[in-house]
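Notes for the structure review
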Amino acid sequence: MTRLTLLLPILLLALLVGNPAFAADFLKGYAAYKSGDYATALREFRPLAEQRNAGAQNNLGVMYEKGQGVYQNDKTALKWYRLAAEQGDAGAQYNLGWMYRRGRGVPQNYKTAVKWYRFAAEQGVADAQTSLGVMYGKGRGVPQDYVRAHMWYNLAASQGDKDATENRDIVAKKMSPVDISKAQDLARDCVQKNYKGC
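Residues numbered from 1 in each chain as written. Predicted model: local features only at pLDDT ≥ 70, side-chain atom pairs only at ≥ 80, totals over all residues. Heavy atoms only, no water.

**Quick notes on the pattern of salt bridges**
- Per the counting criterion, the structure on display carries 4 salt bridges.
- With its nearest N and O atoms 2.9 Å apart, the salt bridge here joins arginine 104 to aspartate 74. Here arginine 104 is found in the loop between helix H6 (90–102) and helix H7 (110–121), whereas its partner aspartate 74 is found in helix H5 (residues 74–85), with 30 residues between them in sequence.
- Here arginine 104 falls in the partly exposed class, since its relative accessible area comes to 24%.
- Exposure remark for aspartate 74: the relative accessible area of 15% places this residue in the buried category.
- The residue arginine 188 makes a salt bridge to aspartate 185 at a minimum N-O spacing of 2.5 Å. Of this pair, arginine 188 and aspartate 185 are both found in helix H11 (residues 177–192), 3 residues apart, which corresponds to roughly one turn of the helix.
- Residue classification places arginine 188 among the partly exposed residues on the basis of a relative accessible area of 48%.
- You can call aspartate 185 partly exposed: its relative accessible area is 35%. (Salt bridge = Lys/Arg side-chain N within 4 Å of Asp/Glu carboxyl O. Helix = DSSP H or I, 4+ residues; strand = E, 2+ residues; numbered from the N terminus. Buried < 20%, exposed > 50% of the residue type's maximum accessible area, 1.4 Å probe, protein only.)

Quick look at the structure:
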């Protein structure tokens, strides 16, 4: 799934309820982006982003990260991701975690990556849940913990994430049946808590 469309349905509903004019501009920018008309997308997203629209900020971050209609600039991408992430935009939180994990625009920092992935994962973002599984499985930014890795992979797999399904099965081969059962219990508890505090 592309990071730009990660939470599009939720964002569109919020835009339509909050301000129909913003929604029309956002939809015009989104349609332009999807068709490869990055100049129009930029023209529509930038004023919204400057007015603190988190979805537009995240989308500008994607455009700067990929150099779509603008010169590629990781630091500028990071700026827009951070502004949106700090407003609670789950897609931007995931993207910010990805930038820290890769060291793009900032020094690589696994602990900070885990922090932002966790914020997005707690909002149900499967890609963030898969990324947390990777971090726990490899012990990056957190102590290595196959039980937690399995739990996060299982949560993402339940949303149809094929990478999570494969990774869960790989990590399960390194676990005892008791540990797998514990991971499954943790995943069930996490779903019941709506992904909070997992």
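**With respect to the packing of helix H8 (residues 126–138) against helix H9 (residues 146–157)**
- As a packed pair, H8 and H9 sit with axes 8 Å apart at the nearest point and diverge in direction by 160°. If you check the angle between H8 and H9, you find them roughly antiparallel. Pair H8 / H9 crosses with left-handed handedness. Residue-level contacts link Ala126, Gln129, Thr130, Leu132, Gly133, Val134, Tyr136 and Gly137 of H8 to Tyr146, Arg148, Ala149, Trp152, Tyr153, Leu155 and Ala156 of H9.
- Looking at the contact of H8 with H9, its residues break down into 10 nonpolar, 4 polar and 1 charged. (Axes fitted to C-alpha atoms, helices over the stretch in contact; angles between N-to-C directions. Parallel < 35°, antiparallel > 145°, perpendicular 65-115°, else oblique. Left-handed = near helix turned anticlockwise from the far one by under 90°. Contact = heavy atoms within 4.5 Å. Nonpolar A, V, L, I, M, F, W, Y, C, P; charged D, E, K, R; others polar.)

**So, the confidence of the model for the protein chain**
- Taken residue by residue, the protein chain gives an average pLDDT of 90. The fraction at 70 or more is 88%.
- The low-confidence segment residues 9–17, where pLDDT is below 50, has 10 contacts with residues more than four positions distant or belonging to other chains. (pLDDT = per-residue confidence, 0-100.)

**Let's talk about the state of the cysteines**
- Tallying each qualifying case throughout the model produces 1 disulfide.
- A sulfur-sulfur distance of 1.8 Å marks the disulfide that ties cysteine 190 to cysteine 198. Disulfide cysteine 190 to cysteine 198: torsion about the S-S bond roughly 95°, handedness right-handed. Accessibility classification places cysteine 190 together with cysteine 198 in one group, the buried group. (Disulfide = S-S within 2.5 Å.)

**Description of the packing of aromatic side chains**
- Applying the stated criterion across every chain yields a total of 4 aromatic pairs.
- Seen in terms of ring centroids, tryptophan 116 and phenylalanine 119 are 5.3 Å apart; in terms of plane orientation they differ by 65°. Their pairing is edge-to-face. Of this pair, tryptophan 116 and phenylalanine 119 both sit in helix H7, 3 residues apart, which is roughly one turn of that helix.
- Given the relative accessible area of 6%, tryptophan 116 is considered buried. (Phe/Tyr/Trp six-rings, centres within 6.5 Å; stacked < 30°, edge-to-face > 60°.)

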